[in-house]
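# Coordinate inspection notes
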Amino acid sequence: MMRISAHMQKTLNDQVRREFGASYLYLSMAAYFAEKNLNGFARWMRMQAMEEAKHAMKIFDFVEDRGGRVTLEGIDRPPPDFPTPVAAFEHARDHEAHVSAGIHQLYEAAATEKDWATQAMLQWFITEQVEEEKTSSQIVDTLKMIGDNASGLYMFDQELGRRGGAE
Ligand code: FEO
């Protein structure tokens, strides 16, 4: 198989950074929710953080499989606090849109280079991002509907806390 180009290697390394950045952001949100005793949301965020680290590792492994070199860049410090639970999930939703934009740019670069293997690898991410954007925006909508209703918030916290593992 054709060795990965220097440009693809650089853009894939950028995506490794973005996925670990998402992991770090969700961990910060897990800590925020745990402090508020919203332990279901905290658990959901913790699992999401682990998923993001797996996403980063998928790309990490791919770069190595293609004879490339992984280099890790700095990750931005995530906000430690959020004004409200809905604001935290809005931030998550907006961050997912940012991650999707990164994936789409990568795909465009791979298409331009006729790098078929990178395109095939990215197909999984494109599909995954549709799911991630949908999930986070549905949570935002539900939290907005709940508003200041404490028992509604309690029940939704319980529901998200039942989240199982995923890729
Ligand atoms: Fe791996 Fe949520 O982007």
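Anyway, here's the lowdown on the structure attached to this text. Keep in mind that what you see is a predicted model, and the values were worked out from it rather than measured.

## With respect to helix α4 (residues 116-146)
At 3.6 residues per turn, the α-helix brings residues three or four places apart onto the same side. Across its 31 residues, α4 extends 46 Å between first and last C-alpha, which sits within 8% of the 45 Å expected from 1.5 Å per residue. At L122, α4 shows its strongest bend, of approximately 30°. Just beyond α4, the residue with positive phi is G147, at close to 55°.

## As for the environment of K54
Note that K54 resides in helix α2 (residues 39-65). Residue classification places K54 among the partly exposed residues on the basis of a relative accessible area of 46%. K54 sits 23 residues away from A31 along the chain, and the two C-alpha atoms are 20 Å apart.

## So, the pattern of salt bridges
Note that side chains of opposite charge can pair when their charged atoms are close. Enumeration over the complete set of coordinates arrives at 5 salt bridges. A salt bridge links D14 to K10; its shortest N-O distance comes to 3.2 Å. One end of the pair, D14, and the other, K10, are both in helix α1 (residues 6-35), 4 residues apart, so they sit about a helical turn from each other.

What counts as what
- Residues numbered from 1 in each chain as written.
- Predicted model: local features only at pLDDT ≥ 70, side-chain atom pairs only at ≥ 80, totals over all residues.
- Heavy atoms only, no water.
- Helix = DSSP H or I, 4+ residues; strand = E, 2+ residues; numbered from the N terminus.
- Expected span 1.5 Å × (residues − 1).
- Bend = angle between axes of the 7 residues up to and from the residue.
- Buried < 20%, exposed > 50% of the residue type's maximum accessible area, 1.4 Å probe, protein only.
- Salt bridge = Lys/Arg side-chain N within 4 Å of Asp/Glu carboxyl O.

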